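As a plain string of letters, each chain reads:
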Amino acid sequence: MPQTDSQQKTVGLILGHESSDDINDQLNWALIEWDDLEKRVYKIQKRIYKASSRDDVRTARRLQKLLISSWSAKCLAVRRVTQDNQGKKTAGVDGVKSLTPKQRFNLINKLKLGSKVKPTRRVWIPKPGKDEERPLGIPTMYDRALQALVKMALEPEWEAKFEPNSYGFRPGRSCHDAIGAIFLGIRSKSKYVLDADISKCFDEINHVRLLEKLNTYPTLRRQVRAWLKSGVLDDKKLFPTEKGTPQGGVISPLLANIALHGMEEEIKKLSETFDMKEKRGRQMAKRDKRKSVNFIRYADDFVILHEEIEKIQICKEHISKWLNDMGLELKPSKTRITHTLDGYKEEKPGFDFLGFHIQQHTVGKYQSGRVKDKKEGKGRLLGFKTIITPSKESQKRHYKKVAETIEKYKGQSQTILISKLNPIIKGWCNYFSTVISRKAFGRLYHLIVWKLIKWGIKRHRNKGKKWVYLKYFRKIGNDNWTFATNREDNNPIILLKHLNFPPYKSTIES
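The structure displayed is predicted, hence computed values, not measured ones.

Asker: Looking at this structure, I do not really get the pairing of strand S7 (residues 301–306). What am I missing?
Answerer: Each regular strand shows side chains that alternate between the opposite faces of the sheet. With respect to burial, S7 is a largely interior element, five of its six residues being buried. Sheet analysis places strand S3 (residues 192–197) next to S7, joined by six bridges and oriented antiparallel. Looking across to S7, one finds that Tyr192 is bridged to His306. For strand S6 (residues 294–298) and S7, the ladder comprises five bridges, and the chain directions are antiparallel. Pairing of Tyr298 across the sheet is with Asp301, part of S7. The antiparallel pairing of S6 with S7 creates a hairpin that spans two residues between the two strands, and Ala299 there sits at a positive phi of about 55°.

Asker: Hey, could you run me through the pairing of strand S15 (residues 479–483) in this one?
Answerer: Relative to S15, strand S14 (residues 473–476) is paired through three bridges, and the arrangement is antiparallel. If you follow Arg474 over to S15, its bridge partner there is Thr482. Once S14 ends, the chain turns through two residues before running back antiparallel as S15, passing Gly477 with a positive phi of about 70°.

Asker: It is not clear to me how the environment of His318 should be interpreted in this structure. Could you clarify?
Answerer: Turning to its location among the elements, His318 is positioned in helix H15 (residues 309–325). In this structure His318 comes out as partly exposed when scored by relative accessible area, which is 26%. With 51 residues separating them along the chain, His318 and Ile267 place their C-alpha atoms 8.1 Å apart. The residues touching His318, leaving out its near neighbours within four places in the chain, are Glu266 and Leu270.

Asker: Looking at this structure, I do not really get the packing of helix H13 (residues 263–271) against H15. What am I missing?
Answerer: Each pair of packed helices gets described by two things: the angle between the helix axes and the distance between those axes. At a minimum axis distance of 11 Å, the contact between H13 and H15 shows a crossing angle of 135°. Classified by the angle their axes make, H13 and H15 are oblique. As H13 packs across H15, the resulting crossing turns out to be right-handed. On H15, the residues touching Met263, Glu266, Ile267 and Leu270 of H13 are Ile314, Cys315, His318, Ile319, Trp322 and Leu323. Looking at side-chain class alone, the contact of H13 with H15 contains eight nonpolar, one polar and one charged residues.

Asker: Could you clarify how one ought to interpret the pattern of salt bridges in this entry?
Answerer: For the structure shown, the criterion picks out 18 salt bridges. Arg80 is the partner of Glu38 in a salt bridge, and the nearest nitrogen-oxygen pair spans 3.4 Å. Here the residue Glu38 occupies a position in helix H3 (residues 34–53), and Arg80 occupies one in helix H5 (residues 71–84), the gap between them amounting to 42 residues. Judged by its relative accessible area of 34%, Glu38 is partly exposed.

Asker: Looking at this structure, how should I read a positive patch on the surface?
Answerer: A cluster of like positive charges, contributed by Lys348, Lys392, Lys396 and Arg443, occupies part of the molecular surface. Residue placement: Lys392 occurs in helix H16 (residues 392–408).

Asker: What should I look at first to understand the sheet that holds strand S13 (residues 384–390) in this one?
Answerer: Strand pairing in a sheet relies on backbone hydrogen bonds. The paired strands run either parallel or antiparallel. Taken in spatial order, the three strands make up an open sheet running S9-S10-S13, and their pairing is antiparallel. A single partner strand is all that each edge strand has here, and the edge strands are strand S9 (351–353) and S13. Averaged over neighbouring strand pairs, the angle between their axes works out to 30° when direction is ignored. In this structure, strand S10 (residues 356–362) lies alongside S13, joined through seven bridges in antiparallel fashion. Each bridged residue has a counterpart across the sheet, and for His361 the counterpart in S13 is Lys385.

Asker: What is the right way to look at helix H4 (residues 57–68) in this model?
Answerer: For H4, built from twelve residues, the straight-helix expectation of 16 Å at 1.5 Å per residue is met to within 8% by its first-to-last C-alpha distance of 16 Å. Burial in H4 covers these residues: Thr59, Ala60, Arg61, Leu63, Gln64, Leu67 and Ile68. Buried residues along H4 sit against H3, H5, helix H7 (141–159) and helix H11 (218–228).

Asker: Just to check I follow, could you spell out empty space enclosed by the protein for this structure?
Answerer: A probe as big as a water molecule, rolled over the atoms, marks out the empty space that is left. Throughout the structure, instances matching the rule amount to three cavities of 30 Å³ or more. A volume near 80 Å³ is recorded for the largest cavity. Lining the largest cavity are Ile425, Tyr445, Ile448, Val449, Leu452, Phe473, Trp481, Phe483, Leu495, Leu496, Lys497 and His498. Those elements that place two or more of their residues in the lining of the largest cavity are helix H18 (438–459) and S15. Of the residues forming the lining of the largest cavity, the biggest block, four residues, is contributed by H18.

Asker: How do you make sense of the packing of aromatic side chains when you look at a structure like this?
Answerer: What describes a pair of aromatic rings is the distance from one ring centre to the other and the angle between the planes of the rings. A complete count under the given rule lists 17 aromatic pairs for this structure. Between the aromatic rings of Trp29 and Phe105, the centroid separation amounts to 5.3 Å while the plane-to-plane angle is 80°, which identifies the pairing as edge-to-face. Of this pair, Trp29 sits in helix H2 (residues 20–30) while Phe105 sits in helix H6 (residues 101–110), placing them 76 residues apart in sequence. Accessibility assignment for this pair places Trp29 and Phe105 in one class, buried. Judged by centre distance (4.8 Å) and plane angle (85°), the ring pair of Tyr431 and Phe432 falls under edge-to-face. Here Tyr431 falls in the partly exposed class, since its relative accessible area comes to 23%. Classification of Phe432 by relative accessible area gives buried; the value is 2%. Chaining the aromatic ring pairs together yields one cluster made of Trp455, Tyr469, Tyr472, Phe473, Trp481 and Phe483. Positioned above the aromatic ring of Tyr217, the side-chain terminus of Lys65 is 4.9 Å from the ring centre. When the ring centre of Tyr472 is taken as reference, the NZ or CZ atom of Lys471 above it lies at 5.6 Å.

Asker: I'm lost on the nonpolar core in this one. Help?
Answerer: Generally speaking, soluble globular proteins have nonpolar side chains that are buried together. Core analysis: the largest hydrophobic core is formed by 76 residues, its most contacted members being Phe302 and Ile304. Ranked by residue count, the leading element in this core is H7, at ten residues. Sequence-distant contacts of Phe302, that is, excluding residues within four places in its chain, are made with Leu194, Asp195, Ala196, Ile198, Met263, Phe295, Ile296, Arg297, Ile319, Leu330 and Phe353. Within the second largest apolar cluster, 46 residues are counted, among which are Ile388, Ile418, Cys429 and Leu444.

Asker: Where do I start with the sheet that holds S3 in this structure?
Answerer: Spatially, the four strands line up as an open sheet ordered S6-S7-S3-S8, and their pairing is antiparallel. The outermost strands of the open sheet, each flanked by one partner alone, are S6 and strand S8 (336–339). Along the sheet, successive strands turn relative to each other by an average axial angle of 20°, direction set aside. Here S3 runs beside S8; their pairing, made up of four bridges, is antiparallel. Bridging from a neighbouring strand, Tyr192 pairs with His339 of S8.

About the cut-offs
Residues numbered from 1 in each chain as written. Predicted model: local features only at pLDDT ≥ 70, side-chain atom pairs only at ≥ 80, totals over all residues. Heavy atoms only, no water. Buried < 20%, exposed > 50% of the residue type's maximum accessible area, 1.4 Å probe, protein only. Helix = DSSP H or I, 4+ residues; strand = E, 2+ residues; numbered from the N terminus. Pairing = 2+ DSSP bridges. Contact = heavy atoms within 4.5 Å. Axes fitted to C-alpha atoms, helices over the stretch in contact; angles between N-to-C directions. Parallel < 35°, antiparallel > 145°, perpendicular 65-115°, else oblique. Left-handed = near helix turned anticlockwise from the far one by under 90°. Nonpolar A, V, L, I, M, F, W, Y, C, P; charged D, E, K, R; others polar. Salt bridge = Lys/Arg side-chain N within 4 Å of Asp/Glu carboxyl O. Patch = residues over 30% accessible without salt bridge, like charges linked within 9 Å, V, L, I, M, F, W, Y side chains within 5 Å. Areas by Shrake-Rupley, 256 points an atom, 1.4 Å probe, with all protein chains shown as cover. Lys, Arg positive; Asp, Glu negative; His and termini not counted. Charge placed at Lys NZ, Arg CZ, Asp CG, Glu CD. Expected span 1.5 Å × (residues − 1). 1 Å grid on protein atoms, 1.4 Å probe; cavity = no way out; pocket = protein on both sides within 12 Å on 5 of 7 lines; lining within 4 Å. Points joined across faces, edges and corners; volume = space filled by probe spheres on them. Phe/Tyr/Trp six-rings, centres within 6.5 Å; stacked < 30°, edge-to-face > 60°. Lys NZ or Arg CZ within 6 Å of the ring centre and 35° of its normal. Core = buried A, V, L, I, M, F, W, Y, C linked by side-chain atoms within 4.5 Å.

Next comes the structure, spelled out in structure tokens:
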């Protein structure tokens, strides 16, 4: 929309710009119809998905080239890495970050596939709840935008191919979907579990095998290979990357999923060779053998479920060989075999997955769940219940984070402390509110209350506990222990309570 000189001058004063070109760029960027761009890109992605579903490779490749050259897709790619992404203020080796609208337009015009790639900048970040650190490879802003563009083209093709029980880094899928799949696999039968983790998955993936599995057209293959071989700049030293995908790249999660694609089908094919017989002594049909084993994967964590321990051990050996072909291996410290109800050898029953603890508990006949028997048409008593709760490790990490936040802001006001604690409590409780978590919520709430009392006592060393209670806690409704601001304030700032987030039992409980 054209602007008069007076309008430009007025807008310039508002926005703090002196150049009329900068003002125009700012206005033009703000006036882009993003909804229309999303619709155009989605239509092409939908066609790529359908073409991939029917194995029409030629059409899929043509549409991918069309999408990568689309101005709409380039705009969305630039917007996602320069505005929507949390790392928009993190620079790569070229030092470019926080782009202006003019720089964004210039970046859109520059985006195209090529083989020249700058190395990634290595940043070490702490692992949650551990003393270890893991490396992140931060690409330049240009490479991030180009990776976002390529991801738009590749993702629909692979979404049509990915296995049904793969949940990590996929649109429309979450951790809760993976937990729900595990629940459905064990709700009617107790099973043995191979709870496994792949050692340094992102860092050890074989480039040759990954590119073979990617199987895309030559120009795009060379671009992906250039990203994989770009090298890492750590403390002003350049290190070559002969294997792995850089954690921190926009396209890395998709490439990791492509590398691990096929694990579920491999286990299902293996199950067809199992020696499993029906009650009459005949071998079970291949279809029933495939159904007898459950495979659920979230990124590099996965579980295999089966009624017989021998079959679980066979699966473990087979999947280890499959992973070796991709340059990967199972992590011994995080790989264990147990049972959902009785345990296995010295292992305790149940297992942890994605922060949840899944376990079955023996109960009496009046409390046990029932499973409908199709032949007899009536319910069959199970004798156990499947209970999913927040794991002890998750509770410890959450409490540690809250305690560290309270310690960090010990010199700040109550208002600031509440504003820092509420997002932490809200995020954790929302994540676990779909499982049986009331007991864990109550325990954490009481621990945090005592931590807040100590916080108040340290601030007012000459006052007693009673004075601290009266100053920082107030009665709201029937609760006398609400950590909130001034009692005389009609609109106090209140600390969220864990117990105010209801644990819904209907979704994951037999």
